[in-house]
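# Commentary on secondary and tertiary structure
Chain by chain, the residues:
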Amino acid sequence: LSPIGAQTTQLLVEPPWTPGGLWGQMTLTCQGSGTRSATTCSKDRQHWGQEGPDHFIVTESGTYKCDRPGTGLSPPRSILDDWLVLQVPAQAQLEGDTVTLRCRV
């Protein structure tokens, strides 16, 4: 576990919707204050190639995570390739917030 207040590793999805969808090119960016040059990514619990020190191009559906020494493993991000996907904005939501939903067909 990370100490309270410590920087953690995050896997950002562009375009920024959750779950991500393969209706175009998806880019995953691994962010954290750890060692950038040693960033690795996994897909469905298996090591997966990288497209640079912290940017990954996604062409397959699956569950992705990145690991950056010093700040650790990111939470998982799902990328789907389904006919119909209900998406929400990728940023954190709080109770009472107005949320825009997007249905991708």
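Look up: the structure comes first, before these words.
Read on for an overview of the structure. (Residues numbered from 1 in each chain as written. Predicted model: local features only at pLDDT ≥ 70, side-chain atom pairs only at ≥ 80, totals over all residues. Heavy atoms only, no water.)

Two strands in a sheet stick together by hydrogen bonds in their backbones, pointing the same way (parallel) or opposite ways (antiparallel). Spatially, three strands are ordered β1-β4-β7 in an open sheet, and the strand pairing comes out antiparallel. A single partner strand is all that each edge strand has here, and the edge strands are β1 (10–14) and β7 (55–58). Each strand axis lies, on average, 25 degrees off the axis of its neighbour in the sheet, ignoring direction. Sheet topology note: the strand β4 (residues 26–31)/β7 ladder contains four bridges and is antiparallel. Residue pairing across strands places Leu-28 opposite Phe-56, the latter belonging to β7. (Pairing = 2+ DSSP bridges. Helix = DSSP H or I, 4+ residues; strand = E, 2+ residues; numbered from the N terminus. Axes fitted to C-alpha atoms, helices over the stretch in contact; angles between N-to-C directions.)

Sheet topology note: the strand β2 (residues 17–18)/strand β11 (residues 85–89) ladder contains two bridges and is antiparallel. Of the residues in β11, the one forming a bridge with Trp-17 is Pro-89. Across three bridges, the pairing between β11 and strand β12 (residues 102–104) is antiparallel. What sits directly across from Val-85, in β12, is Arg-104.

Strand order in the open sheet made by the three strands is β2-β11-β12, with antiparallel pairing throughout. Bordering the open sheet on either side are β2 and β12, each of which pairs with just one other strand.

Bringing the state of the cysteines into the picture now. Here, disulfide denotes a covalent bond that connects the sulfur atoms of two cysteines. Enumeration according to the criterion identifies one disulfide in this entry. Each sulfur in the disulfide pair Cys-30 and Cys-66 lies 2.0 Å from the other. Measuring handedness by torsion sign, the sulfur bridge of Cys-30 and Cys-66 sits at about 80 degrees and is right-handed. Residue Cys-30 is found in strand β4, and its partner Cys-66 is found in strand β8 (residues 62–68); the two are separated by 36 residues along the sequence. (Disulfide = S-S within 2.5 Å.)

A few words now on the nonpolar core. In terms of nonpolar packing, the biggest core is built from 13 residues, with Leu-28, Val-58, Tyr-64 and Ile-79 touching the most fellow members. Of all the elements in the fold, those that place two or more residues in this core are β1, β4, β7 and β8. At three residues, β4 tops the list of elements feeding residues into this core. When sequence neighbours within four positions are dropped, the list of residues in contact with Tyr-64 reads Leu-11, Leu-28, Cys-41, Ser-42, Lys-43, Trp-48, Val-58, Pro-75, Pro-76, Arg-77 and Ile-79. (Core = buried A, V, L, I, M, F, W, Y, C linked by side-chain atoms within 4.5 Å. Buried < 20%, exposed > 50% of the residue type's maximum accessible area, 1.4 Å probe, protein only. Contact = heavy atoms within 4.5 Å.)

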